[in-house]
Amino acid sequence: MTMLEIDALNVWFGHGRDRVDAVKAASFSVARGESFGLVGESGSGKSTILRAVAGLARNWSGRMAVDGAALTAKRPRSFYKTVQMVFQDPYASLHPRHSVDQVLGETLHLHGFADIDARVVKLLEDVGLGQKFRFRYPHQLSGGQRQRVAIARALAPEPDLLLLDEPTSALDVSVQAEILNLLVDLRRDRGLTYVMVSHDLSVVGHMCERLAVMKDGQIVEVMGVEALRRNAATHPYSRSLLEASL
Amino acid sequence: MMEPLLDVEDLWVRFPTRQGVFDAVRGVSFTLGRERLGIVGESGSGKSMTGRAILRLIRPPGMVEAKQISLGGVNLMDKTEKEMRAVRGQRISMVMQDPKFSLNPVMTIGDQIIEAYRQHNRASKADAYAKALEMLEAVSIRDPDRVMRAYPHEMSGGMGQRIMIAMMLIPNPEILIADEPTSALDVSVQRQVLDIMDKLVKDRGMGLIFISHDLNLVADFCDRVLIMYAGRIVEICEADKLSEAKHPYTRGLLNSLPRLDAPRDHLEVLQRDPAWSEAPSVSGRL
Amino acid sequence: MAEQTLRQWLLTDTPTSRRHAKLSALYQGWLSFRGNTMAMIGLWILVALVAIAAAAPLISPHDPFVQDLGNRLAPLGTDGHILGTDSLGRDILSRLIYGSRITLYIVALVALIAPIAGLLVGTVSGYVGGWVDVVLMRITDIFLAFPRLVLALAFVAALGAGIENAVLAISLTAWPPYARIARAETLTIRSADYISAIQLQGAGAMRIITRHIWPLCISSLIVRVTLDMAGIILAAAGLGFLGLGAQPPSPEWGAMISEGRRFILDHWWVATMPGLAIFTVSLAFNLLGDGLRDVLDPKGGE
């Protein structure tokens, strides 16, 4: 069963002479329960694909389907019960004036849950934060704790597909290990599907079963993680990327 | 070993806060010869503060205290702010993480380099221009004429960082402090910038302090590594022997990295021991 | 001891309830505000102004409207009239005390109308974008293109002289800068990740603007309003001075200066005392605004 299907996706910004094609004719599909990685250097368009799937990049053409249903320009609210996203910078993804309780409470309220109090408590437990963090503001949290809150927010609507945009690149390695472990556990416990963007091949190698290598908006190669480990990339660009990160 | 370029003894950086005095750096000592010295640690370990404190660039209300910070036998702690200005840039240069914030956005790169050069040397405009071109060539910039006319926003991150390095090297400093100079760059560009720094440091016999959070990068690039935790040095190793590090903190950091060649379900999580921050700082003086 | 624990309770990094978190955040702001001596001076002046206005009948030595033509233009320090009397023999100190009520009334009304109008226009314009932005911003430009006092004059002339109309006229000329500020802030906020994140929960534009963008714009608007307050008081005084604001015998400070103008050479205190009052209050608002900027401006802190 296919969770996410991307076919000949183009994404661009601006128009006329200022038009920049960020993603060109990208195609790949992700099975339900799979973890799929998108790797590339900055400006390769890997994050843009995630933003297009989430509905944050509005200029696109081609076909995108989540759980068999083709995506339209405007996403219904039910879409966000299936697809959620975790952003790169935990310092920018939480509203500076909203406490953890407000962030999670509002999300639950928007998705029409009734037992908000109990769910906030449960979500905080699930991401390993616990009750004492409930009424804190972002400036009272460390980077890793903020990212846990962001993950809790993404889990609140009980989605099936989680889009992870470099979720650990702004964190220290020891904190990165904790967050990656958390993501591994959550996927196993909840049967989530991940699409994870990263510039770090070893992180993608750890988290994903398959990955696509992107360069200048195009997918140059899709391979399994065993091929990556065996250093069996075929495309010269993937090889150079692999060499640089070893 | 010959006379060290820089001798730092018992360096403290303190910040008064509402909850009392916060010590960002606590009694750090080390020497720097003509070598590449790496300082590694996580955010908040005091590694950047150490670099800035050497140049006395800690903004008030922060305070720098030290038994000595000796540059060629002269204690920088005794210098006035005015005398320090002659040291900064001239004898010790610093390269920051993001070149975008270090270059003036409304001046061409050429004008900025020329200005920097003429600040330190008496030279005609034409001489300064020739010197600037030479500098850009030294950091492997192809087509330096075009780059001289360009504005910072037209440069990629890697180019910007190379230009910063070129500017820092103009006064021929004895010591270069590089604070996460490649963290904002892609891996392939990272390598090029490091190679350039490496070559310049070797050719000119400079001392380099390389501050980074990336253990593997530092192990690869430096000669000696100081590992900092909670404002103290917990361990010092030869860079090529980093994988044999003994301190549980260093070991924990190394083990928490995902590795392509050793897949596993869960990464090792660092268990922090309060005793680490209690133990006195290890001295890095030779 | 109990005081100490209350302080610790307020300064905690681990609040235990919604109320605790709010109070703690407020207390931290108050502490950094208190560290600013000049802002505290401004705050005290304004607190004193409010107290004086509230207690006007109790503390004013005379009735501000009672005339005593036999004792007109009495100099400073006259027995019973510390600040002297005006051309109709009314006690200047009493008039100043009662005038503080009018000043506060103007300030409160303008501070309610102008920034809220500006906030609405600016945030909607900035968040929605497109033709809505173009239309709203051009309207703002039109209002900005008129000199403030002239536009206020035109309004007052059309609506009739009086304090309410003066307030309305000042508000109408004061909102465009707030709209500009709010729009600029909104443009930077709307591309932030936390706005994307709430969009991903299916939140509508209305909710995002009021719950997520307003709280971030309001602090810079408050700062701007307090800094503008001096100008607003002066504009009200200016209208009063031209005879288009408060009408005699109302003890509005600007109108008092206007009256005193005729005697400025021989009886300088009649115009000077209300002038000093305007100066003091304007200065207080400016000092307070500077202090608030340090506390509230999100760019200044973390």
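Residues numbered from 1 in each chain as written. Chains lettered and ligands numbered in written order. Predicted model: local features only at pLDDT ≥ 70, side-chain atom pairs only at ≥ 80, totals over all residues.

### Focus: unusual backbone geometry
Reasoning step 1: The omega torsion of the bond from Pro60(B) to Pro61(B) falls at 10°, within 30 degrees of zero and hence cis.
Reasoning step 2: Relative to the helices and strands, Pro61(B) resides in the loop between α1 (47-54) and β4 (63-65).
Reasoning step 3: Even without a glycine there, the phi angle at Asp67(A) is positive, about 55°.
Reasoning step 4: Along the chain, Asp67(A) turns up in the loop between β4 (60-66) and β5 (69-70).
Reasoning step 5: Its 16 C-beta neighbours within 10 Å are what place Asp67(A) among the partly exposed residues.
Reasoning step 6: A positive phi angle, near 50°, is found at Asp10(B), a position not held by glycine.
Reasoning step 7: Mapped onto the secondary structure, Asp10(B) falls in strand β1 (residues 6-17). (Helix = DSSP H or I, 4+ residues; strand = E, 2+ residues; numbered from the N terminus. Buried ≥ 20, exposed ≤ 12 C-beta atoms within 10 Å, placed from the backbone.)

### Details of the packing of helix α11 (residues 253-260) of chain C against helix α12 (residues 269-296) of chain C
Residues and elements named next belong to chain C.
Reasoning step 1: α12 packs onto α11 with a crossing angle of 155° between their chain directions and a minimal axis gap of 7 Å. Taken together, the axes of α11 and α12 are roughly antiparallel relative to one another. Here α11 runs over α12; the crossing is left-handed. In contact with Trp 253, Met 256, Ile 257 and Gly 260 of α11, α12 contributes Val 270, Ala 271, Pro 274, Gly 275, Ala 277 and Ile 278. (Axes fitted to C-alpha atoms, helices over the stretch in contact; angles between N-to-C directions. Parallel < 35°, antiparallel > 145°, perpendicular 65-115°, else oblique. Left-handed = near helix turned anticlockwise from the far one by under 90°. Contact = placed C-beta atoms within 7 Å.)

### Section: the environment of Ile233(B)
All names here are of chain B.
Reasoning step 1: Residue placement: Ile 233 occurs in strand β11 (residues 232-238).
Reasoning step 2: Sequence spacing of Ile 233 and Ile 177 is 56 residues, and the spatial spacing of their C-alpha atoms is 18 Å.
Reasoning step 3: Once residues within four sequence positions are removed from consideration, Ile 233 is found in contact with Val 28, Leu 226, Ile 227, Met 228, Ser 281, Val 282 and Gly 284.

### Notes on the sheet that holds strand β1 (residues 2-13) of chain A
Residues and elements named next belong to chain A.
Reasoning step 1: Ordered by their spatial adjacency, 4 strands build an open sheet running β2-β1-β4-β5, and the pairing between neighbours is antiparallel. Unpaired on one side and paired on the other, β2 (20-31) and β5 mark the two borders of the sheet.
Reasoning step 2: With 8 bridges joining them, β1 and β2 adopt antiparallel strand pairing. In the strand pairing of β2, Phe 13 is matched with Val 20. (Pairing = 2+ DSSP bridges.)

### Re the domain arrangement of chain B
Residue and element names in this part refer to chain B.
Reasoning step 1: For chain B, the domain assignment lists domain 1 (6-91 + 173-278) and domain 2 (101-170).
Reasoning step 2: A C-alpha centroid distance of 27 Å is found between domain 1 and domain 2.
Reasoning step 3: Counting residues at the interface gives 11 residues for domain 1 and 11 residues for domain 2.
Reasoning step 4: Looking at the side of domain 1 that touches domain 2, the element that brings in the most residues is helix α8 (residues 187-204), giving 6 residues. (Domains from an automatic or database assignment.)

### A few points about the interface of chain B and chain A
Reasoning step 1: The interface of chain B with chain A comprises 22 residues on the first partner and 21 residues on the second.
Reasoning step 2: Every element with two or more residues in the side of chain B that touches chain A is listed here: α8 and α10 (248-255) of chain B.
Reasoning step 3: The biggest single contributor to the side of chain B that touches chain A is α8(B), with 3 residues.

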